[in-house]
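Letter by letter, the chains look like this.
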Amino acid sequence: MKKQARTLIIITTAVLVLVALLLGLLFLLPEDDDETSSTSNTEASDPSINLISKDTVDKPVKKVVIKNDKEEFTIARNDEKQLVVVGYEDLPINTTDIDSLASSLANLTAIRKVSDDSLKKADFGLDKPRATATVTYHDDSVISIELGDEAAGDSGSYLRLGDDDAIYLIDTMFALKLMQQSVVYIGSDLIVAPEVKKDDQSGQAVMRSMKLSGSFRAGNPLSFALYENPEDTPIGSSGYFIKTPKIKGTNETVTSIAQSSTSLSATQAFVAHPTSAQLKQYGLDKPYSICELTIAVQTTAAADDDETVTKYYGTGNHIIKLGKKDKDGNYYTMVDNYNAIYLVSETSVPWAELRYEDIVERTLFMINIAEVKSISIEANNKKTTFELTHFPDEEERDKNMVVKVDGKTYSTPEFRSLYQLFLMIVRYGETDEKPKGEPEVIFSLNPISKEDKTITASFYKYSPSLYICKLADGDICTVRASEVKKMIDEMDNYLKGKSVILS
């Protein structure tokens, strides 16, 4: 019995030791993944700290004085209760950025606290703050904010409130707001398109006219305008005509310029209330390019005879002056009576270096054949005159016009093709060289209306591939010799009763 008791005791002791080992392992083993993850996330989460809560009213900020390494300025409410930089009351207001700043100052949240000891402020750049903001709130409480160094890893910047010993980490966006210059809060919408009335279904903002001058044009201004009555617009025209230096039609370039010129926004304000020295420094004492712009809303209305007439309202006149460019290609710009220099991108002012030859219509003339009385062509020591008689009530195209030369009737359909060839002689390029000698070809078009002037183009040999074309109004350009030769050859074929070949 004694031997059995001893054996039982040994077995019991072994079991107890084994149980103890198992319990120890159970407590020492790591928790399962879910529990571990949950604990780690809880420990890692460090909720942000709200430092200022003043956004319980619509306009929580009354005034803020900002001082940074560039300047010191004050933002306060004007007579209209709008926050504005003091001293810039005469300039447009950048309400978006000012309201964003005020919102941040009214509800300021730190990422985390980094120290409770203000004695260590030198370690965080708070002994000599990069910027300070002294804010007066709606309840007349005043809180000062100090901005220190940027934190390592570009995770934010250090900040301290007034005499509080604690030092916090603040997000980079707020830090940047305190580092901005006062000109950032000047509005950049310089010209706003006129507003179309709510009940105007056909109204649209348009550019009515533009006059360009400045040192770039050396005293030779360029101006163009919209045909006030669309019915007066010649066939094929862009809708605008050149007024100076010569009355001419325009090409499609003007259309894109007009579409982009009913408004103007700057990249940013650059200098408020510039001095004479600054105007000279940025090229605005003698502007490089000047634009005198007229915009309006164009609409249509019914007249007494049930016809529609074109009318305009909301007309606005503006002056834009461009000086030098900055390193990024932006123009230093002044607009209207705003006493500030702005930066405006090249794409916003496509007219900056616009020249007469850039916009003049390429065709030497553009007139509907139904408005032509006669056409004369002198070439190879011979003058040919085409007399056109029109019958507007005749619906059939081949019968509503009769073509005669020296009393002989010729094909109407073929003459329409020949007329297209006349139109296909286009401006090739510009030249300052005056034509010499006698013209080899003279083209003259006589309109039916006595109000329209006769169009005369004289072609002078310039090179094997080019003619100099001199128009009756004194305009001179070059045209391709091949186009003039094609016109003469096909005219001869037409007079011989052959088909006119366009290509």
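Remember, it's a predicted structure, so these values are computed and weren't measured experimentally.

The rules we used
Residues numbered from 1 in each chain as written. Predicted model: local features only at pLDDT ≥ 70, side-chain atom pairs only at ≥ 80, totals over all residues. Heavy atoms only, no water. Helix = DSSP H or I, 4+ residues; strand = E, 2+ residues; numbered from the N terminus. Buried < 20%, exposed > 50% of the residue type's maximum accessible area, 1.4 Å probe, protein only. Contact = heavy atoms within 4.5 Å. Areas by Shrake-Rupley, 256 points an atom, 1.4 Å probe, with all protein chains shown as cover. Phe/Tyr/Trp six-rings, centres within 6.5 Å; stacked < 30°, edge-to-face > 60°. Lys NZ or Arg CZ within 6 Å of the ring centre and 35° of its normal. Core = buried A, V, L, I, M, F, W, Y, C linked by side-chain atoms within 4.5 Å.

1. Description of the overall build of the protein
For step 1, the next point in the chain: Helix and strand content of the protein: nine helices and 30 strands.
For step 2, the next point in the chain: Across the 503 residues that make up the protein, the buried fraction comes to 41%.
For step 3, the next point in the chain: For the protein, long-range pairs separated by at least 24 residues make up 59% of all intrachain contacts whose partners lie at least 6 apart in sequence.
For step 4, the next point in the chain: Total accessible area computed for the protein in this model is approximately 28700 Å², and 50% of it derives from carbon and sulfur atoms.

2. Brief notes about the packing of aromatic side chains
For step 1, the next point in the chain: Counted under the stated rule, the structure contains 16 aromatic pairs.
For step 2, the next point in the chain: Measuring from centroid to centroid gives 5.2 Å for phenylalanine 270 and tyrosine 282, while their planes differ by 90°, and the two rings are edge-to-face. In this pair, phenylalanine 270 sits in strand 17 (residues 268-272) while tyrosine 282 sits in the loop between helix 6 (276-281) and strand 18 (289-302), placing the two residues twelve residues apart along the sequence.
For step 3, the next point in the chain: A residue is classified by how much of its surface remains accessible, and phenylalanine 270, at 27% relative accessible area, is partly exposed.
For step 4, the next point in the chain: Here tyrosine 282 falls in the buried class, since its relative accessible area comes to 13%.
For step 5, the next point in the chain: Taking the centre distance of 5.2 Å and the plane angle of 50° together, the rings of phenylalanine 270 and tyrosine 332 count as tilted. Here phenylalanine 270 is found in strand 17, whereas its partner tyrosine 332 is found in strand 20 (residues 331-335), with 62 residues between them in sequence.
For step 6, the next point in the chain: On the accessibility criterion, tyrosine 332 (11% relative accessible area) is buried.
For step 7, the next point in the chain: Here a set of aromatic residues connected by ring pairs shows up, and it is made of Phe365, Phe386, Tyr410, Phe415, Tyr419, Phe422, Phe443 and Tyr494.
For step 8, the next point in the chain: Geometry around tyrosine 312 places arginine 208 over its ring, the cationic atom sitting 4.1 Å from the centre.
For step 9, the next point in the chain: We note lysine 461 situated over the ring of tyrosine 467; from NZ or CZ to the ring centre the distance is 5.2 Å.

3. Some remarks on the nonpolar core
For step 1, the next point in the chain: One finds Leu105, Leu108, Ile145, Met210 and Trp351 to be the most contacted residues of the largest nonpolar core, which totals 73 residues.
For step 2, the next point in the chain: Setting aside anything within four residues of it in sequence, one finds leucine 105 in contact with Ile52, Val61, Val64, Val135, Tyr137, Ile145 and Phe174.
For step 3, the next point in the chain: Counting residues in hydrophobic clusters, the runner-up holds 38 residues, among them Ile369, Phe459, Val484 and Tyr494.

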